[in-house]
Amino acid sequence: MTQIQSISPEVPANRMPRFIGFLYGLVAYFAFFGTILYAIGFVGGYAVPKTIDSGQESSVTEALAVNLLLMSLFAVQHSVMARKQFKEWWTQYVPKPVERSTYVLFASLCLMLLFWQWRPMPAIVWQISEPDVAVTVATLSLGGWVIVFTSTFLINHFELFGLHQVTNNLTGHEMPPPRFRTPLYYNFVRHPIYLGFIIAFWAAPTMTVGHLLFAAVTTAYIFVGIFLEEHDLVEMFGDEYRQYKQRVSMLLPWRKSA
Ligand SMILES: C[S@@+](CC[C@H](N)C(=O)[O-])C[C@H]1O[C@@H](n2cnc3c(N)ncnc32)[C@H](O)[C@@H]1O
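Note that this is a predicted model, so its numbers are computed, not measured. (Residues numbered from 1 in each chain as written. Predicted model: local features only at pLDDT ≥ 70, side-chain atom pairs only at ≥ 80, totals over all residues. Heavy atoms only, no water.)

Another aspect to go through is the overall build of the chain. Along the chain, the regular secondary structure elements total eleven helices and two strands. Starting at the N terminus and ending at the C terminus, the chain contains elements arranged as α-α-α-α-α-β-α-α-α-α-β-α-α. Along the first, second and third principal axes, the C-alpha atoms of the chain reach 75 × 45 × 35 Å. Taken across its 258 residues, the chain has 42% of its residues classed as buried. (Helix = DSSP H or I, 4+ residues; strand = E, 2+ residues; numbered from the N terminus. Buried < 20%, exposed > 50% of the residue type's maximum accessible area, 1.4 Å probe, protein only.)

Rendered as structure tokens:
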């Protein structure tokens, strides 16, 4: 008893908020994991109740307006909340260890809203009638998702989705400084996660107008995201990242871009 009191009077008082932070991080992590799994079915058009080509019918104008709004909401949330200046501002209100989990939770909520409110635009742009080719294209799309998932583990899955931060906080460890990594795919392209998304979204055996809109807007957004992310990466890692940019291409493994 005497021993416990002599360690530090702050420890018991800190334990509960740390544990709550950890639980919050778990909730955010599983919310995101569920959302991204749902996204596979949503985009691919299988296994989930509401896909990119199903749901409430509406006029083309309404569908276009609603869908663009939903994608813009996600884009703004994702870009603004990821910036250093924003993080510095809002960590005055949100505890630092749960900052990433909160970002992840907000991203999931934006995606859930998008899946729920997405208006189908069912006119067909292309349809592959040859069954073998259609299966190959659908498999390619799944391959894109595999690249996305494996890449997150290559650079640090648990840190990207906030679990590392809340676990370290729970156990009283400091977060290590960010490390520049170039494992496996990162030797061929600088942005394998984004490349995986592009493959997953465009490799569609049946491409509807709605799906095409989704693929085109998300691809455009990925380029904006890369621009912002690389600006931060150069700031963080300096010449190491500048040299990496010269050595490794952005998205296409067979063509080196600056
Ligand atoms: C959603 S991930 C996307 C990573 C990468 N753009 C990709 O497509 O694989 C974004 C986070 O990864 C970090 N990041 C990007 N490239 C990295 C690298 N080579 N090493 C370490 N962190 C990296 C960024 O700082 C950012 O926090």
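A few words now on the UniProt feature "domain: NnrU" (unreviewed entry) in the chain. Mapped onto the present numbering, the UniProt feature "domain: NnrU" (unreviewed entry) falls on residues 69–236. Span residues 69–236 is 68% helix and 4% strand, its end C-alpha atoms 32 Å apart. (UniProt positions renumbered as here; feature names shortened; annotations may be inferred.)

Let's shift gears to the UniProt feature "transmembrane region" (unreviewed entry) in the chain. Sites flagged by UniProt as "transmembrane region" (unreviewed entry) map to residues 21–43, 63–81, 102–118 and 133–155. Along residues 21–43 the backbone is 100% helical and 0% strand, and the end-to-end C-alpha distance reaches 33 Å. End C-alpha atoms of residues 133–155 are separated by 33 Å, and the span's content is 100% helix alongside 0% strand.

Around the ligand, the structure places 13 residues, and the nearest of them are Arg 181, Tyr 186, His 191, Ile 193 and Glu 229. Here a nitrogen atom of the ligand and a backbone polar atom of Arg 181 are 2.6 Å apart. His 191 is positioned with one of its side-chain polar atoms (N or O) 2.7 Å from a nitrogen atom of the ligand. Elements with a contribution of two residues or more to the shell around the ligand: helix H9 (192–202) and helix H10 (209–237). Partitioning the shell around the ligand into residue classes produces nine nonpolar, one polar and three charged. (Near = heavy atom within 4 Å. Polar contact = N/O pair within 3.5 Å; in protein donor to acceptor, adjacent residues only side chain to side chain. Nonpolar A, V, L, I, M, F, W, Y, C, P; charged D, E, K, R; others polar.)

Here helix H3 (residues 60–80) is 21 residues long and its end C-alpha atoms lie 30 Å apart, about the 30 Å a rise of 1.5 Å per residue gives. Listed in full, the buried residues belonging to H3 are Ala 63, Val 66, Asn 67, Leu 70, Met 71, Phe 74, Ala 75, Gln 77 and Ser 79. Next to the buried residues of H3 lie helix H5 (99–117) and H10. (Expected span 1.5 Å × (residues − 1). Contact = heavy atoms within 4.5 Å.)

Take the nonpolar core next. Phe 42, Leu 114, Trp 118, Trp 145, Phe 197, Phe 201 and Phe 214 are the most contacted members of the largest nonpolar core, which has 56 residues in total. At the level of secondary structure, the elements contributing two or more residues to this core comprise helix H2 (10–44), H3, H5, helix H6 (131–155), helix H8 (163–171), H9, H10 and helix H11 (239–247). The dominant element in this core, judged by the number of residues it contributes, is H10, at nine residues. Residues contacting Phe 214, with those up to four places away along its chain left out, are Val 43, Ile 52, Met 71, Leu 114, Trp 118 and Phe 201. (Core = buried A, V, L, I, M, F, W, Y, C linked by side-chain atoms within 4.5 Å.)

By the definition in use, this model includes 24 aromatic pairs. Where Phe 42 meets Phe 115, the ring centres are 4.7 Å apart and the plane angle is 40 degrees; that geometry is what we call tilted. Of this pair, Phe 42 sits in helix H2 while Phe 115 sits in helix H5, and the two are 73 residues apart along the sequence. Each member of the pair Phe 42 and Phe 115 is classed as buried. (Phe/Tyr/Trp six-rings, centres within 6.5 Å; stacked < 30°, edge-to-face > 60°.)

Tallied over the full model, the rule gives six salt bridges. Here Glu 230 and Arg 190 are joined by a salt bridge, their closest N and O atoms 2.7 Å apart. Within this pair, whereas Glu 230 is found in helix H10, its partner Arg 190 is found in the loop between H8 and H9, the two being separated by 40 residues in sequence. Across the pair, Arg 190 and Glu 230 agree in class, each one buried. For the salt bridge of Lys 245 with Glu 230, the shortest nitrogen-to-oxygen distance reads 3.7 Å. Taken as a pair, Lys 245 in helix H11 and Glu 230 in helix H10 lie far apart in primary sequence, 15 residues in all. Accessibility expressed as a relative area gives 24% for Lys 245, which makes it partly exposed. Through salt bridges that share partners, Arg 190, Glu 230 and Lys 245 make up one connected network. (Salt bridge = Lys/Arg side-chain N within 4 Å of Asp/Glu carboxyl O.)

Mapped onto the elements, Val 217 comes out in helix H10. As for Val 217 and Ala 75, which are separated by 142 residues in sequence, their C-alpha atoms are 9.8 Å apart. Look past the residues within four positions of Val 217 in its chain and what remains in contact with it is Leu 68 and Met 71.

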